[in-house]
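Coordinate analysis (summary)
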There are 2 protein chains.
Amino acid sequence: MLQTKLLLYIIVPIVSAMTAAPKVTYWRGRGRVEPLRCILAAAGVEFENVFLTRKEDLQELRASGKLEYDQVPLVEIDGLNLVQGLPTAYYLAQKSGLLPSSPVELYLVGQIYVAAQDARAPFLQYPFNNLPDPPSLEKVLAAAEQSPKGLVQRYCPKWETQLAKTNGPFFLEGETTTNRPSLADIGVFEVLDFYRHITSEDRLRVTFASFPKLLQMHDAVLELGRIKHWRDVERPKVFLDWHDYAKSVCATLS
Amino acid sequence: MLQTKLLLYIIVPIVSAMTAAPKVTYWRGRGRVEPLRCILAAAGVEFENVFLTRKEDLQELRASGKLEYDQVPLVEIDGLNLVQGLPTAYYLAQKSGLLPSSPVELYLVGQIYVAAQDARAPFLQYPFNNLPDPPSLEKVLAAAEQSPKGLVQRYCPKWETQLAKTNGPFFLEGETTTNRPSLADIGVFEVLDFYRHITSEDRLRVTFASFPKLLQMHDAVLELGRIKHWRDVERPKVFLDWHDYAKSVCATLS
């Protein structure tokens, strides 16, 4: 009897750590966490979303000790509490075979992913860019399309050139004939998907028509794992609209 | 004769790529590049500093095509032009044995390094925080010491706890008895060294007296490679004072 009990105590935590779906904690919108959700979805991983809705949610989370620096996003996976965006992206990508190990390829993938995070800064601000009124589409599109430091003018030409080197659809060359998807593709996909999310599929195709390899990469990433299902089926069910999302973030943080 | 010439043509570029010292391009101060200089110095690597002083320097650099996203710092090494801070830090650390390969350790090192970059944000702003007048020491110390989101209150307690787990002096446990230095140690060292740089050795010891393991780590990093030589001998010769540095950055970018 004692032996059975002991066995239960030992086995239960191990099994639960191995089989529990990762838990992603954030507000009901894209924010800083959507690239991480896309990595999990592209890797085919089912994950649970935990949404912050009340001020107490964040207070309780901070009190739990899970937030190393008191900030979300939080990704709970493999018994770890991952809290810093970029190292978390590397962790999820590495566990899913989406992170190369050689220094040169790791740098290439990292610099494209980090540049994608820079390029999405105006999108990250979009829900908040006209508070207390609803967000200004004009303002975010000016930053993304017209600014020499924005997505279309600074980043897309570089990425298109990079994809031309491998002939696409992905940034990393394969060891045989097929090129390999990586964190770099997911990061850039997510920025294009953000643009599409605030505009439309039609406008995505028109705006990026002069970057055919980027669009080809976007479409290839959409075929990975569960990412199309996340985008088209799951996400629309759980996200707030942009203005309500911004109000909910502010209310929780105030 | 023809053969000799051919041999020369083939050998020269290879040898120069292997033996050329890395070139670090930035202004004459710490800015966004000092963590990268510290990684190279801790790894014992001699590097050449190229300083931006005239507006034309940046224009010429952009025209050269070496800046993937038109931004410095630039680190030229192994025939590559590295331009994004964090992926560059990973590259330099990986080539120097300062980056672990397992996902859990890579996450730990990455999150500490990224947190150190967050913690140094007020220091990064310090030279510019009172323009056109000389910088305000009071303002930067308030952000670092008094703010609940600053270095002393948010970050140091977490890092001290983390170092207590390995019993120091470094964040990663060793495979035998000695713990291993990594990118995490260099990143946190650099923030403490920034604090020391704008204040004094005495004030460093007083402010961080309640974090003995952090100070122990600081001192252990100072023994690595050429880092003490860089700090005490080379850097003072080439850096501008804070106010002149800020003016020089503004003049180049205007």
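Below or above, wherever it landed, is the structure these notes cover.

Cut-offs applied
- Residues numbered from 1 in each chain as written.
- Chains lettered and ligands numbered in written order.
- Predicted model: local features only at pLDDT ≥ 70, side-chain atom pairs only at ≥ 80, totals over all residues.
- Heavy atoms only, no water.
- 1 Å grid on protein atoms, 1.4 Å probe; cavity = no way out; pocket = protein on both sides within 12 Å on 5 of 7 lines; lining within 4 Å.
- Points joined across faces, edges and corners; volume = space filled by probe spheres on them.
- Nonpolar A, V, L, I, M, F, W, Y, C, P; charged D, E, K, R; others polar.
- Helix = DSSP H or I, 4+ residues; strand = E, 2+ residues; numbered from the N terminus.
- Buried < 20%, exposed > 50% of the residue type's maximum accessible area, 1.4 Å probe, protein only.
- Contact = heavy atoms within 4.5 Å.
- Buried area = accessible area lost by both parts, 1.4 Å probe.
- Salt bridge = Lys/Arg side-chain N within 4 Å of Asp/Glu carboxyl O.
- Polar contact = N/O pair within 3.5 Å; in protein donor to acceptor, adjacent residues only side chain to side chain.
- Pairing = 2+ DSSP bridges.
- Axes fitted to C-alpha atoms, helices over the stretch in contact; angles between N-to-C directions.
- Least-squares fit on C-alpha atoms with pLDDT ≥ 70 in both.

Roughly 530 Å³ of internal volume is contained in the second largest pocket. Looking at the second largest pocket, it is lined by 21 residues, and the ones nearest its centre are Leu80(A), Leu108(B), Gln111(B), Gln162(B) and Lys165(B). Here the lining of the second largest pocket is built from residues that sort into eight nonpolar, seven polar and six charged.

Bringing unusual backbone geometry into the picture now. With glycine set apart, most residues show a phi of negative sign, and most peptide bonds adopt trans. For the bond running from Val72(B) to Pro73(B), omega is 10 degrees, close enough to zero to count as cis. Note the cis peptide between Leu131(B) and Pro132(B), where omega equals 5 degrees. Tracing the backbone shows Pro132(B) in the loop between α6 (121-125) and α7 (137-146). Positioned with a positive phi, Asp78(A) is a non-glycine residue whose angle comes to about 55 degrees. Positive phi values are uncommon outside glycine, yet Asn167(B) reaches one of about 65 degrees. Within the element layout of this structure, Asn167(B) appears in the loop between α8 (151-166) and α9 (183-198). The class of Asn167(B) is exposed, set by a relative accessible area of 51%.

On to the interface of chain A and chain B. Taken together, the contact pairs 34 residues of chain A with 34 residues of chain B. Here chain A packs against chain B, burying approximately 2800 Å² in sum over the two surfaces, 59% of which is carbon and sulfur. Across the contact surface, chain A and chain B share zero salt bridges. Counting the contacts that link chain A with chain B gives 12 residue pairs in polar contact (both at pLDDT 80 or more). When residues of the side of chain A that touches chain B are traced back to their parent elements, those giving at least two are β4 (80-82), α4 (85-95), α5 (103-119) and α8 (151-166) of chain A. Top contributing element to the side of chain A that touches chain B by residue count: α5(A), with 10 residues. When its residues are assigned to classes, the side of chain A that touches chain B shows 19 nonpolar, nine polar and six charged.

Residue and element names in this part refer to chain A. Taken as a whole and assessed by the stated rule, the structure comprises 42 salt bridges over all chains. Taking the shortest distance from any N to any O, the salt bridge between Arg 205 and Glu 201 comes out at 2.7 Å. Pair noted here: Arg 205 and Glu 201 are both in helix α10 (residues 201-207), with a separation of four residues, about one helical turn. What makes Glu 201 partly exposed here is its relative accessible area of 29%. A network of salt bridges, in which partner residues are shared, links Arg 30, Glu 34, Arg 37, Arg 120, Glu 190, Asp 193 and Arg 235.

Residue and element names in this part refer to chain B. Taken together, four strands build an open sheet; the order of strands is β2-β1-β3-β4 and the sheet is mixed. Looking at which strands have only one partner, the edges of the open sheet turn out to be β2 (48-51) and β4 (80-82). When the angles between neighbouring strand axes are averaged without regard to direction, this sheet yields 20 degrees. Both strand β1 (residues 23-26) and β2 contribute to a ladder of four bridges, which runs parallel. Bridge assignment links Lys 23 to a residue of β2, and that residue is Glu 48. Across the face of the sheet, helix α2 (residues 34-42) comes into contact with β1, β2 and β3 (74-77) while running at roughly 160 degrees to β1.

Glancing now at the relation of the copies chain A and chain B. For these two chains of identical sequence, chain A goes onto chain B by a turn of 180 degrees and a shift of 0.0 Å along the axis, with RMSD 0.0 Å. Expressed as an axis order, the relation between the two copies is that of a two-fold axis. Rotation axis and chain A: the residue whose C-alpha lies nearest the axis is Ser101(A), separated from it by 4.0 Å. A share of 100% of interface residues in chain A that are also interface residues in chain B marks the association as one of identical surfaces.

Time to look at the environment of Asp241(A). Residue and element names in this part refer to chain A. Mapped onto the secondary structure, Asp 241 falls in the loop between α12 (227-238) and α13 (242-253). Distance in space between the C-alpha atoms of Asp 241 and Ala 89 is 25 Å, their sequence separation being 152 residues. Within the structure, the side chain of Asp 241 is placed 3.1 Å from the backbone nitrogen of His 243, a separation counted as a polar contact.

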